[in-house]
Amino acid sequence: RQIDDQYKGPKSILFARSYSNLGYIYFNKKNYNEAIKYLEMGYDLAEESGQLKLVRNNAEKLSLAYEKLYQTDSALKYSRIYKVISDSVLNKDIIKKIAKVELQNEFDQRLKEKELEQTRKDALQKRKELIYIMIAAGFFLALLVFVLLYLLLKNKVTRVELSEKNLKLEKDTLKKELEYKNK
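Okay, so let's go over this structure. (Residues numbered from 1 in each chain as written. Predicted model: local features only at pLDDT ≥ 70, side-chain atom pairs only at ≥ 80, totals over all residues. Heavy atoms only, no water.)

### What about the packing of aromatic side chains?
Piece 1. A full pass over the atoms with the stated rule returns six aromatic pairs.
Piece 2. Judged by centre distance (5.5 Å) and plane angle (90 degrees), the rings of Tyr 43 and Tyr 78 are edge-to-face. Linking Tyr 43 in helix α2 (residues 32-49) with Tyr 78 in helix α4 (residues 72-182), this pair joins segments that are 35 residues apart in sequence.
Piece 3. Relative accessible area serves as the criterion here: at 2%, Tyr 78 is assigned to the buried category.
Piece 4. Taking 5.8 Å as the distance between ring centres and 5 degrees as the angle between the ring planes, the aromatic pair formed by Tyr 66 and Tyr 78 counts as stacked. Taken together, the residues Tyr 66 in helix α3 (residues 52-68) and Tyr 78 in helix α4 connect sequence positions 12 residues apart. (Phe/Tyr/Trp six-rings, centres within 6.5 Å; stacked < 30°, edge-to-face > 60°. Helix = DSSP H or I, 4+ residues; strand = E, 2+ residues; numbered from the N terminus. Buried < 20%, exposed > 50% of the residue type's maximum accessible area, 1.4 Å probe, protein only.)

Spelled out as structure tokens, the structure:
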């Protein structure tokens, strides 16, 4: 069968579905000769446009229509086509599902890796912050120790000076008492 050029191109998908639907209607009305006519036209257009599911569905209906008309050779031919294309469509669907699952797993794995990397970066950042806080606290503590040592040393020096003044005063007092007694 040759298909007119007017049915080729993007329109062929629409025409394939339309002819197929007409074939289904005639099939349901049990007008098998008209059903075969439109189903074959839909089949050819669907085959040319690569619509495997529509080819499969038309092959199934053609097989059943030919069987109803007792044309067993044609019924067998379309039954075999239906079986082959069904397997092919099923395999393609399975391959698509497997690919989808693999892509989803890969995406999930990458997402987990990024989350793990972000968690590691956050932990590293917190560790740096903790180190900076510890350094600052250590510096502050050292400064506090130096200030306390300074104050302690200053206090000691002041006590020593007071002690020296007291001793000098006592010495002066004793000297005056001695001079007073000596007179």
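This is not the end of the story, as more comes after the structure.
### Description of the packing of helix α1 (residues 11-28) against α3
Piece 1. In the contact formed by α1 and α3, the axes pass within 11 Å of each other and the chain directions differ by 30 degrees. The angle between α1 and α3 places the two elements in the roughly parallel class. In the crossing of α1 with α3, the sense of the turn from one axis to the other is left-handed. Residue-level contacts link Ala 16, Arg 17, Ser 20, Tyr 24 and Phe 27 of α1 to Leu 54, Asn 57, Asn 58, Lys 61, Leu 64 and Ala 65 of α3.
Piece 2. Across the contact of α1 with α3, the residue classes break down as six nonpolar, three polar and two charged. (Axes fitted to C-alpha atoms, helices over the stretch in contact; angles between N-to-C directions. Parallel < 35°, antiparallel > 145°, perpendicular 65-115°, else oblique. Left-handed = near helix turned anticlockwise from the far one by under 90°. Contact = heavy atoms within 4.5 Å. Nonpolar A, V, L, I, M, F, W, Y, C, P; charged D, E, K, R; others polar.)

### Topic: α1
Piece 1. In this model α1 runs 26 Å from its N-terminal to its C-terminal C-alpha over 18 residues, within 8% of the 26 Å that 1.5 Å per residue would give.
Piece 2. Those residues of α1 lying buried are Ser 12, Ala 16, Tyr 19, Ser 20, Gly 23, Tyr 24 and Phe 27. Buried residues along α1 cover an arc of 145 degrees about the axis, so they all sit on one side. Turned more than 90 degrees away from the buried face of α1, the exposed residues are Lys 11, Leu 14 and Asn 28.
Piece 3. Of the surrounding elements, those touching the buried residues of α1 are α2 and α3.
Piece 4. Lys 30 occupies a position one or two residues after α1 and carries a positive phi of about 65 degrees. (Expected span 1.5 Å × (residues − 1). Arc of directions from axis to C-beta.)

### Digging into unusual backbone geometry
Piece 1. In this structure, Lys 30 is a non-glycine residue whose phi angle is positive, near 65 degrees.
Piece 2. Mapped onto the elements of the fold, Lys 30 is located in the loop between α1 and α2.
Piece 3. Lys 30 gets classed as exposed once you look at its relative accessible area, which sits at 60%.
Piece 4. In the Ramachandran plot, Tyr 70 falls in the positive-phi region, its phi being about 60 degrees despite a non-glycine side chain.
Piece 5. Here Tyr 70 shows up in the loop between α3 and α4.

Honestly, it's all geometry; don't read function into it.
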